[in-house]
Each structure stands twice: as structure tokens, then as C-alpha cells.
Amino acid sequence: DAGVIQSPRHEVTEMGQEVTLRCKPISGHDYLFWYRQTMMRGLELLIYFNNNVPIDDSGMPEDRFSAKMPNASFSTLKIQPSEPRDSAVYFCASSLIQGVNSGNTIYFGEGSWLTVV
Amino acid sequence: AQTVTQSQPEMSVQEAETVTLSCTYDTSENNYYLFWYKQPPSRQMILVIRQEAYKQQNATENRFSVNFQKAAKSFSLKISDSQLGDTAMYFCAFMKVNAGKSTFGDGTTLTVKP
């Protein structure tokens, strides 16, 4: 399997611009997660989906952030307008929850490094 | 709510030696999973090892093994014969069965010295 695929890997943008991060989860996985990692705040769960439905978005920092999952193989995280404090590594991850004896492991993409100047 | 605590922000070890990273967690659940992830300087999060709470036997993956103490809610990671490539941040994580999301600790930065 190709693993979780994220794009872009690196993005530098100016404050106020819209940023869209993309993610393709592992085929067949039913959970998708968006995390943000910074030196100051560590690894934060922003939002996660189950079968394309958002389950918990309590980690989304503010209304400038939005996430969608239109189908089982694609998700986006959008920041509009972007601010310098949004600079971070954004990880997409996916998992398959199958009960006690299998699955249940979260697999991460390589991350999208965002710099807002 | 579950919490995961990694009490060692930084550790170092000489190449070829053994090091143990500690992790404790708090939960009222009986069935759950525990994980150790490695994050090298490339920032990729890599699964190192996984433990099912219902299994008494400690998980082992080559040079990596865990000491799972369910009653004490402790889940330490032992790295034997440390290699320079083991230099990374290590995260401990907890997941309830069928819960979907995991709770991560704050991480331990391990440096392997030549």
C-alpha cells in the first residue's frame, strides 16, 4: 500500500492567503485524522472523521480552519485567511478500526510543512 | 478522559547501549491499545511497536521491546543496542478499543551518541 499521501509537502505563503492541504488516506481505512505539530504546543488533534463524517472538531483552533472529506479517499484542511501563527507541520493520518484483534493502528502521512510569512 | 504522561523530555544514550523510555497512562478502560511512535528529524511519524492490553506477553520488534504493567498503567520502551538512527522523538500513545482517536504523550527526545 502507498500509505497516507499528503500534499503539498512544503508550502510557504503570505499572511492572509488561503491554504489548502490535501490528504489521501490508506485505501479501506475508515478513520481520518488531521493533526498539527508545533514546538510550542506539541502534537494536537484538530479534527477526525469516521466514514467521511466529522466526529470531533473540538481541536480546530478557530473559524479560519475548516476540513472536509467528500469521499473515502480524499480530505482537505483549509486555512483562510492564514496567519504566521499557523506555521506548523500538519499531519494527516488514517486507521481501520476493526475490533479487538486487528487494526486500530494510526498511520501517518509525511506531513505538510506550512510557513506563513 | 485518558491521559498519557512521558516524564522524560530528553534522554541520551551511547551507541550500542540500552535505554528505556517511560510512559504512564490513566484510564478506566479494560481493553485498549498502547503504541510507541518514532519521529526522526524528517518529522515522519513511524509506528515502532504496539501492545494490546488483553495480552500479557510484552510486545517485541527486533531491538525494541516494551514492559507493559497493566496494573501500574505503565508502558515503557526498551531500545537495545542503540544505533545512531534511533535518534528521534518518541511518542507514547493510548487508544480505547474501537474509539478511533488516540491520546498522545508529549514525547521524549532521544539522542544516541557515537
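A. Structural view of the overall build of chain B. Helix and strand counts for chain B stand at 0 helices and 12 strands. Reading the secondary structure of chain B in the N-to-C direction produces β-β-β-β-β-β-β-β-β-β-β-β. Taking 2.2 N^0.38 as the reference for a compact globule, 114 residues should give roughly 13 Å; the C-alpha atoms of chain B span a radius of gyration of 14 Å, in line with that estimate. Dimensions of chain B, computed from C-alpha atoms along their principal axes, come out at roughly 40 × 25 × 20 Å. Across the 114 residues in chain B, those meeting the buried criterion constitute 47%. Look at the contacts in chain B between residues 6 or more apart in sequence, and 55% of them connect residues 24 or more apart.

B. Seen up close, the nonpolar core. All names here are of chain B. Counting 25 residues, the largest nonpolar core has Y25, W36, F75, L77 and Y90 as the members making the most contacts within it. Elements represented by at least two residues in this core include exactly β3 (19-21), β5 (32-39), β6 (46-52), β8 (64-69), β9 (74-79), β10 (88-96) and β12 (108-113). Those residues in contact with Y25, other than ones at most four positions away along the chain, are T3, V4, Y32, L34, F68, Q69, K70, K73, S74, F75 and F94.

C. The arrangement of the sheet that holds strand β1 (residues 5-7) of chain A in detail. Residue and element names in this part refer to chain A. Taken together, 4 strands build an open sheet; the order of strands is β1-β3-β8-β7 and the sheet is antiparallel. Strand pairing shows two members of the sheet lacking a second neighbour, β1 and β7 (65-71), which therefore form its edges. Along the sheet, successive strands turn relative to each other by an average axial angle of 15°, direction set aside. For β7 and strand β8 (residues 74-79), the ladder comprises 5 bridges, and the chain directions are antiparallel. Across the sheet, residue S66 finds its bridge partner in β8, namely K78.

Rules of the game
Residues numbered from 1 in each chain as written. Chains lettered and ligands numbered in written order. Predicted model: local features only at pLDDT ≥ 70, side-chain atom pairs only at ≥ 80, totals over all residues. Heavy atoms only, no water. Helix = DSSP H or I, 4+ residues; strand = E, 2+ residues; numbered from the N terminus. Rg over C-alpha atoms; globule rule 2.2 N^0.38 Å. Buried < 20%, exposed > 50% of the residue type's maximum accessible area, 1.4 Å probe, protein only. Contact = heavy atoms within 4.5 Å. Core = buried A, V, L, I, M, F, W, Y, C linked by side-chain atoms within 4.5 Å. Pairing = 2+ DSSP bridges. Axes fitted to C-alpha atoms, helices over the stretch in contact; angles between N-to-C directions.

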